[in-house]
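Below, each chain spelled out in residue letters.
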Amino acid sequence: MTEIFGIPIQALMGQLMLGLVNGSFYAMLSLGLAVIFGMLNIINFAHGAMYMAGAFFAWMGLTYWGIGYWWSLILVPLTVGVVGVIIERTMLQWLYQLDHLYGLLLTFGLALMIEGAFRYFYGSSGLPYSIPEELTGAINLGFMFLPKYRAWVVVVSLVVCLATWFVIEKTKLGAYLRAATENPRLTQAFGINVPLMVMLTYGFGVALAGLGGVLAAPAYAVSPLMGSNLIIVVFAVVVIGGMGSIMGSILTGLSLGVIEGLTKVFYAEASNTVVFVVMVIVLMIRPAGLFGKEK
Amino acid sequence: MNATTEYLRLRDLHAFYGESHVLHGVNLVVNRGECVTLLGRNGAGRTTTLRAILGLTGRRTGSIVVNGTEVIGLPTHQIARLGIGYCPEERGIYSSLSCEENLLLPPKLHSAGMSLDEIYTMFPNLAERRHSQGTRLSGGEQQMLAMARVLRTGAQLLLLDEISEGLAPVIVQRLAQIILQLKEKGFTILLVEQNFRFAAPLADRMYVVEHGQIAAEIHQNELDEKREFLQEVLGV
Ligand SMILES: Nc1ncnc2c1ncn2[C@@H]1O[C@H](COP(=O)(O)OP(=O)(O)O)[C@@H](O)[C@H]1O
Ligand SMILES: [Mg+2]
């Protein structure tokens, strides 16, 4: 068997792939956080809970109503998006003028409540969600077996992230979004319905988290804690990438997933902390993050 | 066009920024097709008057009627959509948008707006710089862009705040020509100015703003007799 630095290439590729899968989730979630922060000035601590709710909605859809994976991919993000819109209208919209801290505390409280509710009804052990038939099995690439579902997750999240980037950076709607992010009052004075855009942006951001949850359901166990475990790393990703850059969040998310995967191969003890080590180093060199703009 | 119809009327307008009370009962009228100037010292409340019309200050009381519609209770974007083009004092060019994206940002409010071709004929520099980042433009170009941006929308009432400020004399002359062209086209203009020389030949009427109130109203034909008074209140 071929080896690199004494590591079998199969194992190396496997970890690399796992890293890419994790990185895909980091990218999708940190992208949503960045878009929300830009527009709403709120650090959305409920993001992990929305991701978890996405996974649970997929599980509940299948278990109670027989709604399969493919329908869930569409319906769950919509549902989570609507929940987000309701949260924005009833709570967040009153906080925009205040310090970041208020939004952070409110969304943190929401996250605890949502997680608490799911824990109350479903306990904290994971629930299984099987991979859809079409995506079971693996492809033999010669140097490794590539599990189809992992490849699918990476492809979907890349497509979604790049599409989001394209819409924001290259379209008319994106120009509205950028303008409203930079100077909301003036943008509204040009006749653009900024409050509506803010509401839909929050809905879209959490819908991305919900989609992440559906994608994650077959990959990891569906559990009320899956969100809070992930969100800590995602916040580190956001700090490393720097708030406010769309492409920055995507690239940082993916590369940190890969770095984590590689660390697992070469020095497994550090794999849970490597992201935070990177964060500390980046903060020392570039306090605004790799892609952030110094204020 | 009937020159005596009111296009904008402010009655007893009070406006606040948080706790600070800035406008103390402003009363003024701008008729359709008129160019009216707000003169005053720095801090008199002219910018705040324009911002209050669009709902960009804090709390407001009194009455603001735009083309027959009371707008004091409306959200900002709905007020703008009645046909107001706003050129803010700080110019408000977006750095996250290219020059052309800045230009195309405000939605068209009226079919009478200028086409992109007409705009680029009027402001040839902007055509050259269309792909540049908005804030990379020179001060003069940014001011042109801020003006061009509101002309494309077909807004009939223009609120222009210190558009001549800090610009080279040639550009100021160019702006004066543009304002005259716009007057010919029937636009209604409320112009905030510090630069009396710039404003005097353009304005049909002038209001002097002091301490958040209208201190005087001067018609074009009274300009000569009131020149001394103006110099005194404006401190020029
Ligand atoms: N955002 C603000 N917050 C608090 N006070 C303000 C703000 N903007 C302006 N002011 C105050 O309102 C008064 C009027 O200012 P402004 O309308 O900008 O005057 P002008 O445009 O005539 O120079 C000034 O005393 C100024 O200090
Ligand atoms: Mg001013």
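Worth saying up front: this structure is predicted, and the values here are computed from it rather than measured. Counting from 1, residues in each chain are numbered in the order their sequence is written. As a convention, the first chain written is A and the first ligand written is 1, with the rest following in written order. With the structure being a predicted model, the display of local features is reserved for residues of pLDDT at least 70 and the display and counting of side-chain atom pairs for 80 or more, all residues being used for whole-chain, interface and lining totals. Only hydrogens and water are removed before side-chain values are computed, so all heavy atoms of the structure are retained for them.

### A few points about the coordination of the magnesium ion (ligand 2)
All names here are of chain B.
Alright, step 1. Bound to the magnesium ion (ligand 2) on the protein side are T47 (OG1) and E89 (OE), at distances that span 2.0 to 2.7 Å. Of the two residues, T47 is situated in helix α1 (residues 46-53) and E89 in the loop between β6 (84-87) and α3 (99-104); the sequence distance between them amounts to 42 residues.
Alright, step 2. Only protein chains enter the accessibility calculation, which uses a 1.4 Å probe; a residue whose area is less than 20% of its type maximum is buried, one above 50% is exposed, and one in between is partly exposed. What makes E89 partly exposed here is its relative accessible area of 27%. Water is absent from the atoms considered, so a metal site may look incomplete; donors are defined as N, O and S atoms within 2.8 Å of the metal, or 3.2 Å for Na, K and Ca. Strands here mean DSSP runs of E at least two residues long; helices mean DSSP runs of H or I at least four residues long; both are numbered from the N terminus.

### Notes on the site of ligand 1
All names here are of chain B.
Alright, step 1. Working definition: residue near molecule or strand if any one of its non-hydrogen atoms lies within 4 Å of it. Taken together, Y17, S20, V22, R41, N42, G43, A44, G45, R46, T47 and T48 are the residues near ligand 1.
Alright, step 2. Polar contacts, as counted here, are pairs of nitrogen or oxygen atoms within 3.5 Å of one another; within protein the pair requires one atom able to donate a hydrogen and one able to accept it, and residues that are adjacent in sequence qualify only if both atoms are side-chain atoms. T47 is positioned with one of its side-chain polar atoms (N or O) 2.6 Å from an oxygen atom of ligand 1.
Alright, step 3. Summarising the interface, the protein chains cover 59% of the accessible area of ligand 1, which totals 560 Å² for the free molecule.
Alright, step 4. Residue assignment for the shell around ligand 1 shows that the elements contributing at least two residues are β2 (20-31) and α1.
Alright, step 5. By residue number, the principal contributor to the shell around ligand 1 is α1, which donates 3 residues.
Alright, step 6. Gly is put with the polar residues, along with every residue not named as nonpolar or charged; the nonpolar set is Ala, Val, Leu, Ile, Met, Phe, Trp, Tyr, Cys and Pro, and the charged set is Asp, Glu, Lys and Arg. A per-class count over the shell around ligand 1 returns 3 nonpolar, 6 polar and 2 charged. Where accessible areas are quoted, they stem from the Shrake-Rupley method and a 1.4 Å probe; at the residue level, only the protein chains shown are allowed to cover.

### Brief notes about the nonpolar core
Alright, step 1. Here, nonpolar core refers to any group of buried Ala, Val, Leu, Ile, Met, Phe, Trp, Tyr and Cys residues whose side-chain atoms link them within 4.5 Å. With 158 residues, the main nonpolar core has L8, F123 and M147 of chain B as its most contacted residues.
Alright, step 2. With 14 residues, helix α1 (residues 9-40) of chain A is the largest single contributor of residues to this core.
Alright, step 3. In contact with M147 of chain B, not counting residues within four places along its chain, are C87, F123, L160, I163, L175, I178, I179 and L182 of chain B.
Alright, step 4. The next biggest cluster of nonpolar side chains, apart from the first, holds 12 residues, and it includes F196, M206, V208 and A216 of chain B. Residues are treated as being in contact if the distance between any of their heavy atoms lies within 4.5 Å.

### Observations concerning a nonpolar patch on the surface
Residue and element names in this part refer to chain A.
Alright, step 1. Patch definition: residues above 30% relative accessible area lacking any salt bridge, with like charges linked at up to 9 Å and the nonpolar side chains Val, Leu, Ile, Met, Phe, Trp and Tyr linked at up to 5 Å. We define a salt bridge as a side-chain nitrogen of Lys or Arg found within 4 Å of a carboxyl oxygen belonging to Asp or Glu. A cluster of nonpolar side chains, V277, V280, I281, M284 and I285, forms an exposed patch at the surface whose accessible area comes to about 510 Å².
Alright, step 2. Tracing the backbone through its elements, the reader meets I281 in helix α11 (residues 274-285).
Alright, step 3. Residue I281 is classed as partly exposed on the basis of its relative accessible area of 42%.

### As for the interface of chain A and chain B
Alright, step 1. Each partner contributes to the interface: chain A provides 18 residues, whereas chain B provides 23 residues.
Alright, step 2. Interface area for chain A against chain B, summed over the two sides, is near 1,700 Å², with a carbon-plus-sulfur share of 57%.
Alright, step 3. Defined here as a combined quantity, buried area equals the accessible surface (1.4 Å probe) lost by two parts on assembly, summed across both. Interface area lost by chain A to chain B is led by E182, A189 and F190 of chain A, which between them contribute 34%.
Alright, step 4. Linking chain A to chain B there are 1 salt bridge.
Alright, step 5. The shortest N-O distance in the salt bridge between R178 of chain A and E101 of chain B comes to 2.9 Å.
Alright, step 6. If you look at where chain A meets chain B, you find 10 residue pairs in polar contact (both at pLDDT 80 or more).
Alright, step 7. Where the side of chain A that touches chain B is concerned, the elements lending two or more residues are α6 (172-182) and α7 (184-189) of chain A.

### Brief notes about the packing of aromatic side chains
Residue and element names in this part refer to chain A.
Alright, step 1. Classification of ring pairs uses Phe, Tyr and Trp, with its six-membered ring standing for Trp, and accepts pairs whose centres are within 6.5 Å; under 30 degrees between planes counts as stacked, over 60 as edge-to-face, and the remaining range as tilted. What the rule picks out here adds up to 15 aromatic pairs over all chains.
Alright, step 2. Taken together, a centroid distance of 6.1 Å and an interplanar angle of 70° make the contact between F25 and Y51 edge-to-face. Of this pair, F25 sits in helix α1 while Y51 sits in helix α2 (residues 47-65); the two residues are 26 residues apart in sequence, bridging distant segments of the chain. One exposure class covers both F25 and Y51, and it is buried.
Alright, step 3. The interplanar angle of 70° and the centroid separation of 5.4 Å between the aromatic rings of W70 and W152 together place this pair among those described as edge-to-face.

### Some remarks on the packing of helix α5 (residues 148-170) of chain A against α6 of chain A
Residue and element names in this part refer to chain A.
Alright, step 1. Axis definition: a line fit to C-alpha positions, over the contact stretch in the case of helices; interaxial angles, taken between N-to-C directions, run 0 to 180 degrees. Running from N to C, α5 and α6 cross one another at 75°; their axes reach a closest spacing of 5 Å. When the interaxial angle is binned, α5 and α6 end up roughly perpendicular. Taking contact as the criterion, the partners of V167, I168, E169 and K170 in α5 are, on α6, L173, G174, A175, L177 and R178.
Alright, step 2. For the contact of α5 with α6, a count of residues per class yields 5 nonpolar, 1 polar and 3 charged. Working rule for angles: under 35 degrees goes down as roughly parallel, over 145 as roughly antiparallel, 65 to 115 as roughly perpendicular, anything else as oblique.

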